[in-house]
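Chain by chain, the residues run as shown.
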Amino acid sequence: MSPYYKYKKEKFLEKYKCVNETLEDLKSALYKYRKDNDKITRRAIFAYF
């Protein structure tokens with residue numbers, strides 16, 4: 001494998017890991033909102049989008 005494609009693969013995996021962590025944070029925020037019905041959490045979720 002050439003160094004260029006190795007670099008591209010590593011960059012893709014870094015972006016995928018970051019996105020996966022963000023989705024996990026969003027899932028936990030939605031779970032917390034459903035559990036507590038907190039106004040601040042709701043505003044934070046809407047602000048994210």
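Residues numbered from 1 in each chain as written. Predicted model: local features only at pLDDT ≥ 70, side-chain atom pairs only at ≥ 80, totals over all residues. Heavy atoms only, no water.

Trainee: Lay out the overall build of the protein chain in plain terms, naming residues and giving numbers.
Mentor: The secondary structure content of the protein chain amounts to 2 helices and 0 strands. On the principal axes, the C-alpha backbone points of the protein chain span a range of 50 × 15 × 10 Å. For the protein chain, buried positions account for 6% of its 49 residues. On the protein chain, roughly 4,900 Å² of surface is accessible, and the fraction owed to carbon and sulfur atoms is 59%. In the protein chain, 13 positive and 7 negative side-chain charges are present, and the distance between their average locations comes to 4 Å. (Helix = DSSP H or I, 4+ residues; strand = E, 2+ residues; numbered from the N terminus. Buried < 20%, exposed > 50% of the residue type's maximum accessible area, 1.4 Å probe, protein only. Areas by Shrake-Rupley, 256 points an atom, 1.4 Å probe, with all protein chains shown as cover. Lys, Arg positive; Asp, Glu negative; His and termini not counted. Charge placed at Lys NZ, Arg CZ, Asp CG, Glu CD.)

Trainee: Talk me through the packing of helix α1 (residues 3-36) against helix α2 (residues 39-48); I want residue IDs and the actual numbers.
Mentor: One can describe the packing of α1 onto α2 by two numbers: an axis separation of 9 Å at closest approach and a directional angle of 145°. Considering the relative orientation of α1 and α2, their crossing is left-handed. Within the contact between the two elements, α1 uses Thr-22, Ala-29, Leu-30, Lys-32 and Tyr-33 and α2 uses Thr-41, Arg-42, Ile-45 and Tyr-48. (Axes fitted to C-alpha atoms, helices over the stretch in contact; angles between N-to-C directions. Left-handed = near helix turned anticlockwise from the far one by under 90°. Contact = heavy atoms within 4.5 Å.)

Trainee: Please set out α1 residue by residue, giving values where relevant.
Mentor: Every α-helix winds through 3.6 residues per turn, so residues three or four apart in the chain are directed the same way. Taking 1.5 Å per residue as the helical rise, α1 with its 34 residues ought to reach 50 Å, and the 50 Å between its terminal C-alpha atoms agrees with that figure. Looking at the residues trailing α1, positive phi occurs at Asn-37, about 55°. (Expected span 1.5 Å × (residues − 1).)

Trainee: Which residues make up the pattern of salt bridges, and what values go with them?
Mentor: Enumeration according to the criterion identifies 2 salt bridges in this entry. Lys-11 is paired through a salt bridge with Glu-14; the nearest N and O atoms lie 3.9 Å apart. Taken together, the residues Lys-11 and Glu-14, both in helix α1 and 3 residues apart, mark about one turn of the helix. When the shortest N-O distance is used, the salt bridge between Lys-27 and Glu-24 registers 3.5 Å. Of this pair, Lys-27 and Glu-24 are both found in helix α1, 3 residues apart, which corresponds to roughly one turn of the helix. (Salt bridge = Lys/Arg side-chain N within 4 Å of Asp/Glu carboxyl O.)

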